Amino acid sequence: MHYQFCQQVKIVDMDDEIISEVLFEHGEFETAALSIGSSVLIHQLGLREFSVVYDRREGKIARYKVADIEIDLITQPVVTRVYLEPVKLIVGQHDIGEMA
């Protein structure tokens, strides 16, 4: 099946004050049928300034659970979105810097 993978990301400061919340789109993938509670392996998320990006450094792979599956029957063609469990990134702690 064809899925769009999304994840709610909360960006906070060191005092746990919310700076912003974004819906990070991992992209579209073709995979076997999924169910809520399934696990997905994907690159860990990090921050470059205040933008959410993949942390592609070696060993930075994360396992996220599928929190919800949404089937949008209004749009054509039908869109199936998979929402991964939300994640919180702390400015200063999850910065990955510039990558060449």
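On a predicted model such as this, the values are computed, not experimentally measured, just so you know.

To continue, consider the pairing of strand β4 (residues 51-55). With four of its five residues buried, β4 lies for the most part within the structure. Pairing between strand β3 (residues 39-48) and β4: five bridges, direction antiparallel. If you follow L45 over to β4, its bridge partner there is Y54.

Both trends apply: most residues other than glycine have a negative phi, and most peptide bonds are in trans. At the junction of Q76 and P77, the peptide bond is cis and its omega measures out at 0 degrees in the coordinates. Along the chain, the position of P77 falls in the loop between β5 (61-72) and β6 (79-90). One non-glycine residue, D16, lies in positive phi territory at about 65 degrees. Mapped onto the elements, D16 comes out in the loop between β1 (2-12) and β2 (18-30).

Our focus in this paragraph is the side chain of D55. With respect to the secondary-structure elements, D55 resides in strand β4. Sequence-distant contacts of D55, defined by excluding residues within four places in its chain, comprise H43, Q44, L45, G46, K60 and I96.

Turning next to the side chain of Q7. Of note, Q7 is situated in strand β1. Once residues within four sequence positions are removed from consideration, Q7 is found in contact with V22, L23, F24, H26, L45, Y64, L84, E85 and V87.

Here the focus is the nonpolar core. Ranked by internal contacts, the top residues of the largest apolar core, which has 19 residues, are V9, L45, V52, L84 and L89. Taken together, the elements giving at least two residues each to this core come down to β1, β3, β4, β5 and β6. Discounting chain neighbours no more than four positions away, the residues touching V52 are V9, I11, V22, F24, L45, G46, L47 and L89.

Our focus in this paragraph is the confidence of the model for the protein chain. With 96% of its residues at a pLDDT of at least 70, the protein chain reaches an overall mean of 89. β4 is the least confidently modelled element of the protein chain, averaging 88 in pLDDT, while β5 averages 95, the highest of any element.

The next point concerns the sheet that holds β1. On the basis of which strands lie adjacent, the open sheet formed by six strands has the order β2-β1-β6-β5-β3-β4 and mixed pairing. A single partner strand is all that each edge strand has here, and the edge strands are β2 and β4. Direction aside, the axes of adjacent strands within the sheet are offset by 40 degrees on average. For β1 and β6, the ladder comprises eight bridges, and the chain directions are parallel. Counterpart to V12 in the pairing with β6 is I90.

About the cut-offs
- Residues numbered from 1 in each chain as written.
- Predicted model: local features only at pLDDT ≥ 70, side-chain atom pairs only at ≥ 80, totals over all residues.
- Heavy atoms only, no water.
- Buried < 20%, exposed > 50% of the residue type's maximum accessible area, 1.4 Å probe, protein only.
- Helix = DSSP H or I, 4+ residues; strand = E, 2+ residues; numbered from the N terminus.
- Pairing = 2+ DSSP bridges.
- Contact = heavy atoms within 4.5 Å.
- Core = buried A, V, L, I, M, F, W, Y, C linked by side-chain atoms within 4.5 Å.
- pLDDT = per-residue confidence, 0-100.
- Axes fitted to C-alpha atoms, helices over the stretch in contact; angles between N-to-C directions.

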